[in-house]
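Analysis of the macromolecular model
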Amino acid sequence: MERACYYFPVGLLLATSLLAVGTADIITDKSALVTLRDHIVSDPHLIVAKNWSISSSVCDWIGVTCDSSRQRVMALNISNMGFAGTIPPQLGNLSFLVSLDMSNNNFHGHLPEGMSHLRRLSFMALSNNNLTGEIPSWLGVLERLQYLALTENNFVGHLPANICDNFPNLKELDLSRNLLIG
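Residues numbered from 1 in each chain as written. Predicted model: local features only at pLDDT ≥ 70, side-chain atom pairs only at ≥ 80, totals over all residues. Heavy atoms only, no water.

**Examining the overall build of the chain**
- Scanning the chain from N- to C-terminus turns up two helices and twelve strands.
- The secondary structure elements of the chain, listed N-terminal to C-terminal, are α-β-α-β-β-β-β-β-β-β-β-β-β-β.
- Across the 182 residues of the chain, 41% fall into the buried class.
- Counting only contacts in the chain whose residues sit at least 6 apart along the sequence, the fraction spanning at least 24 positions is 52%.
- Total accessible area computed for the chain in this model is approximately 9900 Å², and 55% of it derives from carbon and sulfur atoms. (Helix = DSSP H or I, 4+ residues; strand = E, 2+ residues; numbered from the N terminus. Buried < 20%, exposed > 50% of the residue type's maximum accessible area, 1.4 Å probe, protein only. Contact = heavy atoms within 4.5 Å. Areas by Shrake-Rupley, 256 points an atom, 1.4 Å probe, with all protein chains shown as cover.)

**Details of the sheet that holds strand β10 (residues 154-158)**
- If you walk across this open sheet you meet the six strands as β1-β4-β6-β8-β10-β12, and the pairing is mixed. In the strand order of this sheet, the two ends are held by β1 (40-42) and β12 (179-181), each with one partner.
- Strand direction decides the pairing type here: strand β4 (residues 84-85) and strand β6 (residues 106-109), joined by two bridges, are parallel. Residue Gly85 lies in a different strand from β6, and its bridge partner there is Phe107. (Pairing = 2+ DSSP bridges.)

**Examining the pattern of salt bridges**
- Per the counting criterion, the structure on display carries three salt bridges.
- A salt bridge links Asp29 to Arg72; the nearest nitrogen and oxygen atoms lie 2.9 Å apart. With a gap of 43 residues between them, Asp29 in helix α1 (residues 2-39) and Arg72 in the loop between β2 (64-66) and β3 (73-77) connect regions that are remote in the sequence. Side by side, Asp29 and Arg72 carry an identical accessibility label, which is buried. (Salt bridge = Lys/Arg side-chain N within 4 Å of Asp/Glu carboxyl O.)

**A few points about the sheet that holds strand β9 (residues 147-149)**
- Taken together, the six strands give an open sheet; going across it, the order is β2-β3-β5-β7-β9-β11, and neighbouring strands pair in mixed fashion. In this open sheet, the two edge strands, each paired with only one partner strand, are β2 and β11 (172-174). With direction set aside, neighbouring strand axes in the sheet form an average angle of 10°.
- Of the pairings in the sheet, the one linking β2 to β3 comprises three bridges and is antiparallel in character. For Cys66, the partnering residue across the bridge sits in β3 and is Val73. (Axes fitted to C-alpha atoms, helices over the stretch in contact; angles between N-to-C directions.)

Dropping the structure here:
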């Protein structure tokens, strides 16, 4: 009987710790998305202004899809929403993100190196924005990428000769309508 009394508090502590870890993870996801929201300077359809509220779960936000068992952000699809702004490095904190579609908006600036932490990413579409700079070399660490579209931006510089070697699973790559050479 004494053993049962001893194990109960240990089991309760373990269950509480696991619950706290899950809560911390969704808080990390929420923080990343709030930072993205704060970097959006134009929201003509008031999507983030009306829907991306810190008082609601990010899993209920327009454009956000969560894994039902882990309650982690798996997909972010904010394409065609008329947003303008920059992409914050904190977006890379969405560690369970598999699909990212921010195409057909007016995001500008460089792709932040923080996005190199999106190691589960298999789909990334950032076409039809005003992104600038060189195609970042850190893209090569995203080994699970199957689809990469950076079409119609303002990327410049040389196209790495071995770009496809860095993506063993890549099925589709579109870098057209940029200012790339090579």
